[in-house]
Amino acid sequence: RTHLFTPGGPAAVACWQQQQQQQQGSQAVLDIDGVLSMVFELLEPRLLATARCTCKLWRQLASDLQVRKASFVRHWQLLGVAGQPRQLKFFETAALSSFVRQHVVVRTDTLQMLAVRHGTDVPRLKRINNLMTDHSLHSRTHLFTP
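Residues numbered from 1 in each chain as written. Predicted model: local features only at pLDDT ≥ 70, side-chain atom pairs only at ≥ 80, totals over all residues. Heavy atoms only, no water.

## Here's the deal with the pattern of salt bridges
Side chains bearing opposite charge may pair, as long as their charged atoms lie close to each other. Rules: A pairing counts as a salt bridge when a side-chain nitrogen of Lys or Arg comes within 4 Å of a carboxyl oxygen of Asp or Glu. Each helix corresponds to a stretch of at least 4 residues labelled H or I by DSSP, and each strand to a stretch of at least 2 residues labelled E; elements are numbered beginning at the N terminus. Between buried and exposed lies partly exposed: a residue is buried under 20% and exposed over 50% of the maximum accessible area for its type, with that area taken using a 1.4 Å probe on protein chains only.
Applying the stated criterion across every chain, the model contains three salt bridges. The shortest N-O distance in the salt bridge between E92 and R68 comes to 3.4 Å. With E92 in helix α5 (residues 90-93) and R68 in helix α4 (residues 65-76), this pair connects stretches of sequence that are 24 residues apart. Here the two residues E92 and R68 agree in accessibility, since each one is buried. The closest approach of N and O atoms between D134 and K126, which form a salt bridge, is 3.2 Å. Via salt bridges that share partners, R52, R68 and E92 belong to a single interconnected network.

## Observations regarding the nonpolar core
Short version of the rule: Among buried residues, those of type Ala, Val, Leu, Ile, Met, Phe, Trp, Tyr and Cys that are joined through side-chain atoms within 4.5 Å constitute a nonpolar core. Contacts are assigned to residue pairs that have any heavy atoms within 4.5 Å of one another.
Within the largest apolar cluster, nine residues are counted, these being V105, L111, L114, A115, V122, L125, L131, L137 and L143. Looking at which element gives the most residues to this core, the answer is helix α6 (residues 111-118), with three residues. Residues in contact with V105, not counting those within four places in the same chain, are L137, H138, R140, T141, H142 and L143. Ranked by size, the runner-up nonpolar core spans seven residues in total, among them L36, F40, L61 and V67.

Rendered as structure tokens:
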């Protein structure tokens, strides 16, 4: 619609007030959604899955891929998630075994041998297992490998 009115007239003020009310109304809806999304990002992934069963609005917000990723990253204390999982349920059902395998350390193991066997490199094995030297391997009963 096109309105012709003088810049300071009552029609201009009424039109401006109506636009402001519409903007504030839409911002209020966005704020509620934004606040709920922020709260959902703080939940553990399994609780987020439970929250989706509450109502349609919560289901829509908690099913958002960004909310799921943020919840997952926070729960596992990761820097981020690269790529997409094959199934979105991965975010709720992931366990430590989804990321690393556990290897039982025996006397003959060396970091170099384990790195070759598991297709990784020695610095990565040290970083994952919080090892300072090659000799600290034998102070462990098990080792995590990617």
